[in-house]
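Chain by chain, the residues run as shown.
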Amino acid sequence: AQSVTQPDIHITVSEGASLELRCNYSYGATPYLFWYVQSPGQGLQLLLKYFSGDTLVQGIKGFEAEFKRSQSSFNLRKPSVHWSDAAEYFCASRANAGKSTFGDGTTLTVKP
Amino acid sequence: NAGVTQTPKFQVLKTGQSMTLQCAQDMNHEYMSWYRQDPGMGLRLIHYSVGAGITDQGEVPNGYNVSRSTTEDFPLRLLSAAPSQTSVYFCASSSLPRDTQYFGPGTRLTVL
């Protein structure tokens, strides 16, 4: 069975500082991995996805993520955080037949 | 395209009442899913469908029914509402089983 773990429940960073959100997955085959962002009261928006190929994936809003098979990780990064990045972030994996598994989420707070 | 739409946005039920949460998509996607989101628990898969007439259970199916008579619609039925079903419900669709999911805006359900 697939599982996704986001070890950090809550992260606080200062505006302009760099950000890394951790995600670890457990899946027997090559995983399809995603990062979504959710603002309060809103649905989920896709930031980026990894299917295969280049292990460094670029997404929207200046985010990137790196797939590391040896560490079973797919960490999300941003070099300089903006106040508007404050939100909840979800890592997810998707198996065959369309079943998705989400992590519990990481809430990002941005200090001015 | 409207994308994925959900109705209603908010609903309050009494214990034991039944209701249907509506979900529709206009992208001709074969794969559709229902999730519930509870604080600190991420998104959990309730039921999913891989095409018209085909549905299957997810992680937390008890107390919910689904059907898929058309490609566009995927309603979620609560048979006898319980306070434990108080949650935010999201519908999602995708064109391929392991591809990006597009999420609706959610339905916030309170069961008293």
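Heads up: the structure comes first, above all this text.
Residues numbered from 1 in each chain as written. Chains lettered and ligands numbered in written order. Predicted model: local features only at pLDDT ≥ 70, side-chain atom pairs only at ≥ 80, totals over all residues. Heavy atoms only, no water.

## Brief notes about the overall build of chain B
Then comes step 1: A tally of regular secondary structure across chain B gives zero helices and eleven strands.
Then comes step 2: Its helices and strands taken in sequence order, chain B reads β-β-β-β-β-β-β-β-β-β-β from the N to the C terminus.
Then comes step 3: Over its C-alpha atoms chain B spans a radius of gyration of 13 Å, differing by no more than 12% from the 13 Å that the globule rule assigns to 112 residues.
Then comes step 4: With respect to the principal axes defined by its C-alpha atoms, chain B has extents near 35 × 25 × 25 Å.
Then comes step 5: Within chain B, the proportion of its 112 residues that are buried is 51%.
Then comes step 6: Put simply, chain B shows about 5,000 Å² of open surface, and 52% of that area lies on carbon and sulfur atoms.
Then comes step 7: Computing the positive centroid from 8 side-chain charges and the negative centroid from 8, chain B places the two 11 Å apart. (Helix = DSSP H or I, 4+ residues; strand = E, 2+ residues; numbered from the N terminus. Rg over C-alpha atoms; globule rule 2.2 N^0.38 Å. Buried < 20%, exposed > 50% of the residue type's maximum accessible area, 1.4 Å probe, protein only. Areas by Shrake-Rupley, 256 points an atom, 1.4 Å probe, with all protein chains shown as cover. Lys, Arg positive; Asp, Glu negative; His and termini not counted. Charge placed at Lys NZ, Arg CZ, Asp CG, Glu CD.)

## Brief notes about the layout of surface pockets
Then comes step 1: Its volume calculated, the largest pocket comes out at about 380 Å³.
Then comes step 2: If you trace the largest pocket, you find 23 residues lining it, with Gly41(A), Gln37(B), Val88(B), Phe90(B) and Arg108(B) closest to the centre.
Then comes step 3: Those elements that provide at least two residues to the lining of the largest pocket are strand S10 (87-94) of chain A together with strand S9 (87-94) and strand S11 (107-111) of chain B.
Then comes step 4: For the lining of the largest pocket, the leading source of residues is S9(B), giving three residues.
Then comes step 5: Across the lining of the largest pocket, the residue classes tally to seven nonpolar, eleven polar and five charged.
Then comes step 6: Forming the boundary of the second largest pocket are 13 residues, of which Gln2(A), Ser100(A), Thr101(A), Phe102(A) and Glu59(B) lie nearest the centre. (1 Å grid on protein atoms, 1.4 Å probe; cavity = no way out; pocket = protein on both sides within 12 Å on 5 of 7 lines; lining within 4 Å. Points joined across faces, edges and corners; volume = space filled by probe spheres on them. Nonpolar A, V, L, I, M, F, W, Y, C, P; charged D, E, K, R; others polar.)

## Things to note about empty space enclosed by the protein
Then comes step 1: Per the counting criterion, the structure on display carries one cavity of 30 Å³ or more.
Then comes step 2: Roughly 50 Å³ of internal volume is contained in the largest cavity.
Then comes step 3: Each residue belonging to the lining of the largest cavity can be placed in one class, and the counts come to five nonpolar, two polar and two charged.

## As for the state of the cysteines
All names here are of chain A.
Then comes step 1: Evaluated as defined, the whole model comprises two disulfides over all chains.
Then comes step 2: Note that Cys23 is cross-linked by a disulfide to Cys91, the S-S spacing being 1.9 Å. Here Cys23 and Cys91 share a disulfide; its torsion about the S-S bond, -65°, makes the bridge left-handed. Here the residue Cys23 occupies a position in the loop between strand S3 (19-21) and strand S4 (24-26), and Cys91 occupies one in strand S10, the gap between them amounting to 68 residues. Each member of the pair Cys23 and Cys91 is classed as buried. (Disulfide = S-S within 2.5 Å.)

## Description of the pairing of S11(B)
Residue and element names in this part refer to chain B.
Then comes step 1: Burial of S11 is one-sided: the residues Thr107, Leu109 and Val111 facing one way are buried, the residues Arg108 and Thr110 facing the other way are not.
Then comes step 2: In this sheet, S11 lies alongside S9 in antiparallel orientation, the contact comprising three bridges. Paired with Val88 across the strands is Arg108, a residue of S11. (Pairing = 2+ DSSP bridges.)

## Considering the pattern of salt bridges
Then comes step 1: Under the counting rule described, the total for this entry stands at seven salt bridges over all chains.
Then comes step 2: For the salt bridge of Glu66(A) with Arg77(A), the shortest nitrogen-to-oxygen distance reads 3.2 Å. Here Arg77(A) lies in strand S9 (residues 73-78) and Glu66(A) lies in strand S8 (residues 64-68), a separation of eleven residues in the sequence.
Then comes step 3: For Glu66(A), a relative accessible area of 23% corresponds to the partly exposed category.
Then comes step 4: Using a relative accessible area of 23% as the deciding quantity, one classes Arg77(A) as partly exposed.
Then comes step 5: As a salt-bridge pair, Arg44(B) and Asp38(B) come within 2.8 Å of each other at their nearest N and O atoms.
Then comes step 6: On the basis of relative accessibility, which here comes to 17%, the residue Arg44(B) falls in the buried class.
Then comes step 7: Assessed through its relative accessible area of 10%, Asp38(B) is described here as buried. (Salt bridge = Lys/Arg side-chain N within 4 Å of Asp/Glu carboxyl O.)

## Regarding the side chain of His47(B)
All names here are of chain B.
Then comes step 1: Summarising the element assignment, His47 is placed in strand S5 (residues 43-51).
Then comes step 2: On the basis of relative accessible area, His47 is assigned to the buried category, the value being 6%.
Then comes step 3: Of note is the side chain of His47, whose polar atom sits 3.4 Å from the backbone oxygen of Asp56.
Then comes step 4: Contact partners of His47, with chain neighbours within four places excluded, come to Ser33, Trp34, Asp56, Gln57, Gly58, Pro61, Tyr64, Asn65, Val66, Phe74 and Leu76. (Polar contact = N/O pair within 3.5 Å; in protein donor to acceptor, adjacent residues only side chain to side chain. Contact = heavy atoms within 4.5 Å.)

Coordinates in, geometry out; function isn't part of it.
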